[in-house]
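# Breakdown of the fold
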Amino acid sequence: MNKLIRLLAVGLIFTTVGAAAASVLLGRGTLNVNVLPPIKIGDYVVYSDAGMPSGSEIWTWDGSEWGYPPGSFDGTYEGESAPEGEFCFKTTSGGSSNNYAGWGIFLIYPSDHTVDLSKCENLKFWVKTPKNLKIEIQMIDRNGPKKYVYISNYGWDGTNTWQEIEIPKSAFSGADFTKVFSPFAVTIAGGNKTFYIDYVRWVGKPGFSVSISPHVNTVRVGSSDTATVLVVGNYDKKVTLTAEGVPPEVNVTFSPNDSVPTFVSSMTIQVGEHASPGIYDLVIKGTGEDETVDTCSCRVVIYDSEDDWPTLAHDFARTGYTMRAGPSDNNLLWSYKLGQHLGATAPVVADGKVYVGTSTVYTGGRNPGVYCLNVDTGALVWKYVVGSTTTTPTVEDGKVYFQAESYVYCLDKENGDFIWKYPTGTGPGYASPAVINGKVYVGTTGSLGALYCLDADTGDLIWKLDGEVLSSPAAVGDRVYVVMNVELDPKLYCVDANTGASLWTYGVGWSLSAPAVVGDKVYVGSGENKVYCLDAVTGSYLWSYSTGDRVDSSPAVAGGRVYVTSWDGNVYCLDSSTGGLIWKKSAGSLTSGSPAVANDKVYVGAYGEVYCYDADTGDVVWKYETPSEWGHIKSISVAYGRVFFGSFDSYVYCVW
C-alpha cells in the first residue's frame with residue numbers, strides 16, 4: 001500500500017435526526033460525507049452516504065508502487081446513478097495491462113482496533129465493474145491475517161451493470177469475526193479499468209441495542225431521581241424487555257414493551273432515596289415468545305453531592321480524598337482539546353460538569369479562559385474567555401471562582417455569566433480559592449502578594465494579609481492554613497478566618513504544597529525535601545519525613561495514611577501518626593502532582609502518564625499513557641467513578 005490516504009472518519013451518530021456535513025481529504029480531491037441515520041438497526045455500515053465507522057480511515061493502493069501509471073480514487077462520485085443515496089466510490093486503475101488498484105476501510109483511530117462482527121450474517125454491497133473483483137477482510141491489526149473471496153462466486157454475472165453482491169460470513173473460512181480490523185477491502189487487476197462500489201454493510205441478525213447518547217453508554221442519575229433513555233431494536237416477534245444488575249432500591253421499567261418488528265422503548269430508571277451511590281452494569285434482556293433474543297448493557301452511575309470533586313484536593317480542608325470508588329481500569333471515556341495547556345491547574349467536577357482553566361504562561365495560545373464540559377461526553381457547555389487562568393477553579397454554591405491575570409473572578413456555574421471580579425493589583429496567583437461560610441480565601445504571588453478574604457456573593461474585600469502566597473489555602477472552621485513567603489522567610493501560616501490575624505507560623509521552606517487538615521493535625525510538603533506534620537491548633541512540630549527531593553504536592557490523607565509525591569519521582573505512603581514509611585513506589589519520572597485517593601486506590605500524575613496504585617500495598621493497578629509523552633500531568637480529580645486530569649499537551653482527559 002504505497003499510498004496512505006489519511007481520512008479522518010465521520011462517526012455515525014445513531015440518534016441523529018436530519019443531516020450534517022463534514023469535509024475530509026481523499027486522494028486528490030475532497031470527500032464530503034453526509035452524516036445520516038443508519039438504514040437498519042443491527043447493520044454495521046462500512047461505506048455509504050452516511051459515512052464510515054468511527055475511528056476508521058480509507059487506504060488506497062495501485063500499481064504505481066511498481067512503476068505503473070497511478071490509479072485514481074473518488075469517494076464522492078455522483079455519476080452512475082448510485083443505488084444508495086447520491087454518490088458512490090469510483091476507482092480507476094492506471095493504463096497498463098498488468099496494473100491494479102484498490103481501497104479499503106481500516107480501524108486505526110486512536111490506535112489499531114477491531115470490531116466484533118460475530119453477530120452479523122453476511123456482507124452486502126452494490127458493484128458495477130467490467131472485471132472480477134477481489135474482496136478481503138483483515139483481522140487484529142495492520143499486520144494481521146487476511147481472508148479473501150472473488151465476487152464471481154457470489155452473484156456477479158460478468159456484466160458491467162449495477163448488481164448487489166451478498167457474501168455469507170462462512171465464505172471467509174477461518175476468519176475471527178470477533179476481531180475485524182478491516183471490514184472491507186476491494187482490488188481490481190488489469191489496467192485502465194474503472195469500477196464502482198456503493199453501500200457496503202455487514203447485515204446484522206435481528207436484535208436490539210441501547211441508544212443513550214452519541215458515544216456514551218452511561219446513565220448518570222442521582223439519589224431520589226429519575227432518568228429516561230431509549231432502547232431500540234428490531235425483531236420479527238414480540239419482545240419483552242427486562243433489566244438486571246441494579247440494587248433493589250432502583251426500579252427499571254420499559255414503555256412500551258411489545259412493539260414489532262422495530263421497537264423504540266423508553267427505559268425509566270428510578271432511584272430510591274436509600275440507594276447506595278456506585279457504578280452498576282445494568283443488563284437489558286430481550287425475550288421472544290420462546291427464547292432470549294439478545295442482551296445488551298449500559299452502565300448506571302448513581303451519585304449524590306459527595307461524588308463531586310469541586311476544588312483542588314477535593315475539599316477545602318485539602319484532604320485529597322473521596323470515600324467513593326475510583327476506576328479499576330484505564331479505559332479512556334473522552335478527551336477534549338482545549339487549545340491551550342493547563343499549566344499548574346487541574347480540572348474539577350461538580351453537578352455533572354467539568355470545570356478547567358487554561359493558561360498561556362509557558363506555551364502561548366489563543367483565548368485562554370475557563371471551560372465547562374459535560375462530564376459524560378466531554379462536550380463543551382460554555383467557555384469564558386479571559387487572561388491566563390493560573391488557578392484550579394473552585395465550584396461552590398452555584399458559582400465558579402478562579403484567578404486570571406491580576407483579578408479574582410466569580411461566574412455563574414450553569415452558563416458562565418460574569419458575576420464579579422476583584423482586582424488584586426498583582427499576579428499571577430496560583431492558589432485555588434477556598435470558599436466557606438460565605439467567604440472566599442485566595443492568595444497572590446509577587447512582591448505585592450497577599451492572602452485575601454472576599455465576600456463570596458459580592459467580591460467585596462473583608463480583609464487582606466500581606467505576603468506572597470505560595471500554596472492554595474486550606475479553610476477549616478474559623479481557621480485558614482496557607483504557605484506564605486514574608487520577607488524571604490517562607491512559613492506555614494495559621495490565621496483567623498474572620499480577621500486575618502496570625503495565630504501561629506512554622507518554617508517549612510519554599511513550598512507550593514497546599515496544607516491538608518485532618519482532625520487535629522495539618523500536613524504539608526516542603527522545598528526542604530520533607531513532609532511535615534504539625535498540631536493544627538498550636539503549630540507544634542509532631543514529625544517529619546525526608547524524601548529524595550522537594551515535595552510540592554499537596555498531601556492526600558486517608559485511612560491513617562499520608563500520600564505525597566516528590567520530585568525524586570517517587571510516591572510515598574506514610575503513617576499519619578508517626579511519619580513512618582509504609583511503602584514507596586516509582587512514578588516513572590519527576591512528579592509534582594498531588595495524589596488523589598478514592599476509597600482503596602491512589603491516583604498520581606507524572607509526565608505523560610497516570611498511575612493507579614493499591615492504597616494498602618502500593619502495587620500498580622493500572623497505568624494510562626497520554627499520546628504526548630511530554631505532557632506534564634498535575635493534580636487529579638476523582639468523581640463518578642472516573643479520573644479527570646489535564647496535561648501540558650492541551651487536552652483534558654476522562655478515564656473510566
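Counting starts from 1 at the beginning of each chain's written sequence and moves along it residue by residue. Local features in this predicted model are restricted to residues whose pLDDT is 70 or higher, and side-chain atom pairs enter the listing and the counts only when it is 80 or higher, whereas totals over whole chains, interfaces and linings include all residues. Side-chain numbers here rest on the full set of heavy atoms in the structure, without hydrogens or water.

Turning our attention to the pattern of salt bridges. Salt bridges are defined by distance alone: a side-chain nitrogen of Lys or Arg within 4 Å of a carboxyl oxygen of Asp or Glu. Under the definition given, this model contains 17 salt bridges. By sharing partners, the salt bridges in this structure join D351, K413 and E414 into a single network.

Only protein chains enter the calculation, and the probe is 1.4 Å; a residue is then buried if its accessible area is under 20% of its type maximum, exposed if over 50%, and partly exposed in between. A helix here means a DSSP run of H or I that spans at least four residues, while a strand means a run of E at least two residues long, and both kinds are numbered starting from the N terminus. For strand 46 (residues 561–565), the buried fraction is high: 5 of the 5 residues fall into the buried class. Both faces of strand 46 are covered, namely the face carrying R561, Y563 and T565 and the face carrying V562 and V564. We treat two strands as partners when DSSP finds at least two bridges between them. Where strand 45 (residues 556–558) lies against strand 46, 3 bridges are found, and the strand directions are antiparallel. Directly across from V557, in strand 46, lies its bridge partner V562.

Our focus in this paragraph is the side chain of D315. Within the secondary structure, D315 sits in the loop between strand 21 (292–303) and strand 22 (321–322). The charge count includes Lys and Arg as positive and Asp and Glu as negative, but it does not include His or the ends of the chains. Comment: no salt bridge for buried D315; closest opposite-charge side chain is R318, at 6.9 Å.

Now for the nonpolar core. Counting 45 residues, the largest nonpolar core has F125, I135, F172, F184, I197 and W202 as the members making the most contacts within it. Two residues qualify as a contact provided that any one of their heavy atoms is within 4.5 Å of a heavy atom in the partner residue. Residue contacts for I197: discarding those within four places in its chain leaves Y47, C88, F89, W103, F125, W126, V127, L133, W162, F184 and V186. Side-chain atoms within 4.5 Å are what join buried Ala, Val, Leu, Ile, Met, Phe, Trp, Tyr and Cys residues into a set we call a nonpolar core.

Even without being glycine, E80 reaches a positive phi, approximately 65°. Here E80 shows up in the loop between strand 5 (72–77) and strand 6 (88–92). For E80, a relative accessible area of 27% corresponds to the partly exposed category. For I140, which is not a glycine, the phi torsion comes out positive at approximately 70°. Relative to the elements of secondary structure, I140 occurs in the loop between strand 9 (133–139) and strand 10 (146–150). On the accessibility criterion, I140 (38% relative accessible area) is partly exposed.

Strand order in the open sheet formed by 4 strands is 24-25-26-27, and the pairing between neighbours is antiparallel. Whereas interior strands pair on both sides, the edge strands pair on one side only; in this sheet they are strand 24 (348–350) and strand 27 (380–385). Strand-to-strand twist of the sheet, defined as the mean angle between neighbouring strand axes without regard to direction, takes the value 20°. Pairing analysis gives 5 bridges linking strand 25 (residues 353–357) to strand 26 (residues 369–374), with the strands arranged antiparallel. If you follow G357 over to strand 26, its bridge partner there is V370. Every axis corresponds to a line fitted to the C-alpha atoms, with the helix fit spanning only the stretch in contact, and the corresponding angles, defined between N-to-C directions, vary from 0 to 180 degrees.

Below, the discussion takes up the sheet that holds strand 50 (residues 601–605). In sheet architecture, strand pairing relies on hydrogen bonds along the backbone and comes in two forms, parallel and antiparallel. Judged by pairing direction, the sheet is mixed, and its 5 strands sit side by side in the order 22-49-50-51-52 without closing on themselves. Strands with a single pairing partner mark the edges of an open sheet, and in this sheet they are strand 22 and strand 52 (620–625). Pairing analysis gives 5 bridges linking strand 51 (residues 609–614) to strand 52, with the strands arranged antiparallel. The residue of strand 52 that forms the bridge with V610 is Y624.

It is worth spelling out the packing of aromatic side chains at this point. Two aromatic rings, drawn from Phe, Tyr or Trp (for Trp, its six-membered ring), form a pair once their centres lie within 6.5 Å of each other, and the interplanar angle then sorts them: stacked below 30 degrees, edge-to-face above 60, tilted otherwise. The final tally for this structure, using the stated rule, is 37 aromatic pairs. Taken together, a centroid distance of 5.7 Å and an interplanar angle of 65° make the contact between Y47 and F89 edge-to-face. Note that Y47 is positioned in strand 3 (residues 44–47) and F89 in strand 6, a separation of 42 residues in sequence. F89 matches Y47 in its accessibility class, with the two residues each being buried. Their ring planes at 45° and their centres at 6.1 Å tell us that Y441 and W463 sit as a pair that is tilted. One end of the pair, Y441, is in strand 33 (residues 439–443); the other, W463, is in strand 35 (residues 461–466), with 22 residues separating them in the sequence. By relative accessible area, Y441 is classed as buried at 2%. Here a set of aromatic residues connected by ring pairs shows up, and it is made of Y47, F87, F89, W103, F125 and F184. Positioned above the aromatic ring of Y148 is the side chain of K134, whose terminal nitrogen or guanidinium carbon lies 4.4 Å from the ring centre. Charge over a ring is defined by NZ of Lys or CZ of Arg lying within 6 Å of the ring centre and within 35 degrees of the ring normal.

Bringing the environment of V531 into the picture now. Within the secondary structure layout, V531 lies in strand 43 (residues 530–535). Linking V531 and V562, residues 31 residues apart in sequence, is a C-alpha distance of 9.4 Å. In this structure V531 touches V524, W543, S544, Y545, V551, V564 and L574, once residues within four positions along its chain are discounted.

With that out of the way, let us pick up the confidence of the model for the protein chain. Within a predicted model, pLDDT stands for the predictor's per-residue confidence, ranging from 0 to 100. The pLDDT averaged across the protein chain works out to 83; a share of 84% of its residues lies at or above 70. Taken together, the stretch residues 212–216 has pLDDT below 50 and engages in 11 contacts with residues farther than four places along the chain or on a different chain.

Mapped onto the elements, G67 comes out in the loop between strand 4 (56–62) and strand 5. A residue is classified by how much of its surface remains accessible, and G67, at 66% relative accessible area, is exposed. The sequence separation of G67 and N99 amounts to 32 residues, and the corresponding C-alpha distance is 9.4 Å.

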